[in-house]
Amino acid sequence: MNNKKKILITGGAGFIGSNFANIHNAEYEIVVLDNLFLGDKNNLNPDVQFVEGDACKQEDLDRAGDLIGGVVDYVIHFAGTSSQPMFNGDGFVWGYTNAISSFVNTLEWARKHGATKFLYASTSSLYANNPLPLVENQKVVPPNHYAVTKHLYEECSACYNVVYPEMDIIGFRFMSVYGPNEEAKGVYANLISQFAWDIGRDLAPVIYGDGTQTRDFTNIKDVVHGITLAMTSKEKLGADVFNIGLGKSTSLNDIVDALNKAFGKNIKPEYVDNPIKESYIQDQYADISKIQKKLGFRPTVTLVEGIKNQVENLRLEKVQKTSSDDFR
Ligand SMILES: NC(=O)c1ccc[n+]([C@@H]2O[C@H](COP(=O)([O-])OP(=O)(O)OC[C@H]3O[C@@H](n4cnc5c(N)ncnc54)[C@H](O)[C@@H]3O)[C@@H](O)[C@H]2O)c1
């Protein structure tokens, strides 16, 4: 019997969830539930408890919860449909069903199993092309199905918290998150990862338009830090939503330059016509004063440092792959 707080993480074998689980596994008792639709069990350190299963199913949530005694302190919901293209074409019904069903099932499970906090991933996509900086109290009109589902999470949380105020429900509007463990996301991965994979292989990164569009690129360590502050806050937070970002915008052209510098290469991007004609986000950066004031959040990883780490990680993986191939 230990006194560690217990956390159930849905979607914890994915990009953000696995980083969160790996960073906190020593300090907390963690169980990850993931159906491996997109995540990879290898993203998790071997000592993280893992259950393969679906967050849309109470029985799968139960199986995961049972591993840590059936009662939890916190539930973190990263599962769901994590990108707009997944809703395209035949993905439409599945995209909504998976997003909404996993959310409401996990929310209800969390309350019934003792959670004092339910933390979930919303998205900055909700803001569409709102005036900058993007701030939580702006009116939002979700520009696509993905953003609609996250808006619904936020609205549902506010209603749920009125009826069940004992459990705080906190959403995070992440900006553009980058870091390790994105390989399984493939074409859905952050542009920094996709460009780094290309440049690492001496291929030209493909940029939609002229590359002047900007994003608030935010390192995964800062994202984990922001969520942790909300999770451990002693203050009763109710149902609330916070931006997590670096609070700076950087163009895609500047990202390619920074990656080239870190690799010691000079690979020029290939510019193509932007195939996304409607609701393409031109510029993005967050106002992070709410999370700064309420939770004491300060981003710590500069873009230069984050990109340097990203390139070093890729080099390390390459060396490890080469050396294991040598033994085949
Ligand atoms: N990465 C970003 O920049 C970013 C930005 C804003 C919001 N978000 C949101 O944060 C969350 C995590 O993002 P990510 O980048 O780690 O995505 P991800 O796709 O890597 O992780 C999601 C994980 O959830 C799992 N999953 C999906 N449906 C499931 C279900 N029904 N039951 C169990 N597991 C299921 C997938 O297998 C995957 O491992 C997502 O909700 C995403 O929408 C991410």
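Refer to the structure presented above.
Residues numbered from 1 in each chain as written. Predicted model: local features only at pLDDT ≥ 70, side-chain atom pairs only at ≥ 80, totals over all residues. Heavy atoms only, no water.

1. Some details on empty space enclosed by the protein
Over the atoms, a rolling probe the size of a water molecule traces out where space has been left empty. Within this structure, the stated rule accounts for one cavity of 30 Å³ or more. The space that makes up the largest cavity amounts to roughly 80 Å³. Residue lining of the largest cavity: Gly179, Pro180, Asn181, Glu182, Glu183, Ser193, Ala196, Trp197, Gln310, Asn313, Leu314 and Glu317, and that is the complete set. Every element with two or more residues in the lining of the largest cavity is listed here: α5 (191-200) and α9 (303-326). (1 Å grid on protein atoms, 1.4 Å probe; cavity = no way out; pocket = protein on both sides within 12 Å on 5 of 7 lines; lining within 4 Å. Points joined across faces, edges and corners; volume = space filled by probe spheres on them. Helix = DSSP H or I, 4+ residues; strand = E, 2+ residues; numbered from the N terminus.)

2. Here's the deal with the nonpolar core
Residues Ile7, Ile9, Phe20, Phe78, Phe172 and Phe174 are the most contacted members of the largest nonpolar core, which totals 43 residues. Top contributing element to this core by residue count: helix α6 (residues 220-232), with seven residues. Apart from the residues within four sequence positions on either side, phenylalanine 78 is in contact with Ile9, Thr10, Gly11, Ile16, Gly17, Phe20, Ala121, Phe174 and Ile227. Counting 25 residues, the second-largest nonpolar core is a separate cluster that includes Leu61, Val72, Ala79 and Leu107. (Core = buried A, V, L, I, M, F, W, Y, C linked by side-chain atoms within 4.5 Å. Buried < 20%, exposed > 50% of the residue type's maximum accessible area, 1.4 Å probe, protein only. Contact = heavy atoms within 4.5 Å.)

3. Concerning the site of the ligand
Neighbouring residues of the ligand: 29 residues in total, closest Ile16, Asp34, Tyr146, Lys150 and Lys185. Take glycine 39: an N or O atom from its main chain is 3.0 Å from an oxygen atom of the ligand. Separating an oxygen atom of the ligand from a side-chain N or O atom of serine 82 is a distance of 2.8 Å. If the ligand stood free it would expose 820 Å²; the protein chains cover 96% of that surface. For the shell around the ligand, the elements supplying multiple residues, two or more each, are α1 (15-24) and α4 (145-163). When the residues that make up the shell around the ligand are grouped by side-chain class, the tally is 15 nonpolar, 10 polar and four charged. (Near = heavy atom within 4 Å. Polar contact = N/O pair within 3.5 Å; in protein donor to acceptor, adjacent residues only side chain to side chain. Areas by Shrake-Rupley, 256 points an atom, 1.4 Å probe, with all protein chains shown as cover. Nonpolar A, V, L, I, M, F, W, Y, C, P; charged D, E, K, R; others polar.)

4. Quick notes on the environment of proline 165
Note on placement: proline 165 falls in the loop between α4 and β6 (168-174). For proline 165, a relative accessible area of 44% translates into the label partly exposed. Along the sequence, proline 165 and histidine 77 sit 88 residues apart, while their C-alpha atoms lie 18 Å from each other.

5. Here we look at the pattern of salt bridges
Within the structure shown, the criterion is met by nine salt bridges. A salt bridge links arginine 201 to aspartate 198, with the shortest nitrogen-to-oxygen separation between them at 3.8 Å. Given the relative accessible area of 55%, arginine 201 is considered exposed. Across the pair aspartate 240 and lysine 294 runs a salt bridge whose closest N-O atoms are separated by 3.2 Å. Residue aspartate 240 is located in strand β11 (residues 239-244), and its partner lysine 294 is located in helix α8 (residues 289-295); the two are separated by 54 residues in the primary sequence. Beyond isolated ion pairs, a larger network of salt bridges with shared partners links Glu108, Arg111 and Lys112. (Salt bridge = Lys/Arg side-chain N within 4 Å of Asp/Glu carboxyl O.)

6. Here's the deal with the packing of α1 against α6
Between two packed helices, both the angle of their axes relative to each other and the distance between the axes serve to describe the pair. Contact geometry for α1 and α6: axes closest at 10 Å, N-to-C directions at 70 degrees. The angle between α1 and α6 places the two elements in the roughly perpendicular class. For the crossing formed where α1 meets α6, the hand is right-handed. Each of Phe15, Ile16, Asn19, Phe20, Ile23 and His24 in α1 lies in contact with α6, whose residues at this interface are Ile220, Val223, Val224, Ile227, Thr228 and Met231. Looking at the contact of α1 with α6 residue by residue, the class counts come to nine nonpolar, three polar and no charged. (Axes fitted to C-alpha atoms, helices over the stretch in contact; angles between N-to-C directions. Parallel < 35°, antiparallel > 145°, perpendicular 65-115°, else oblique. Left-handed = near helix turned anticlockwise from the far one by under 90°.)

7. Concerning unusual backbone geometry
Put simply, leucine 132 and proline 133 share a cis peptide bond, and its omega is -5 degrees. In this structure, proline 133 sits in the loop between β5 (117-121) and α4. Phi is positive for asparagine 181, close to 75 degrees, though the residue is something other than glycine. Mapped onto the elements, asparagine 181 comes out in the loop between β7 (176-178) and α5.

8. Re the state of the cysteines
Any covalent bond linking the sulfur atoms of two cysteines counts as a disulfide. If you walk through the whole model with that rule in mind, you get zero disulfides. In this model cysteine 156 remains outside any disulfide bridge; the closest cysteine sulfur is found in cysteine 159, 7.1 Å from its own. (Disulfide = S-S within 2.5 Å.)

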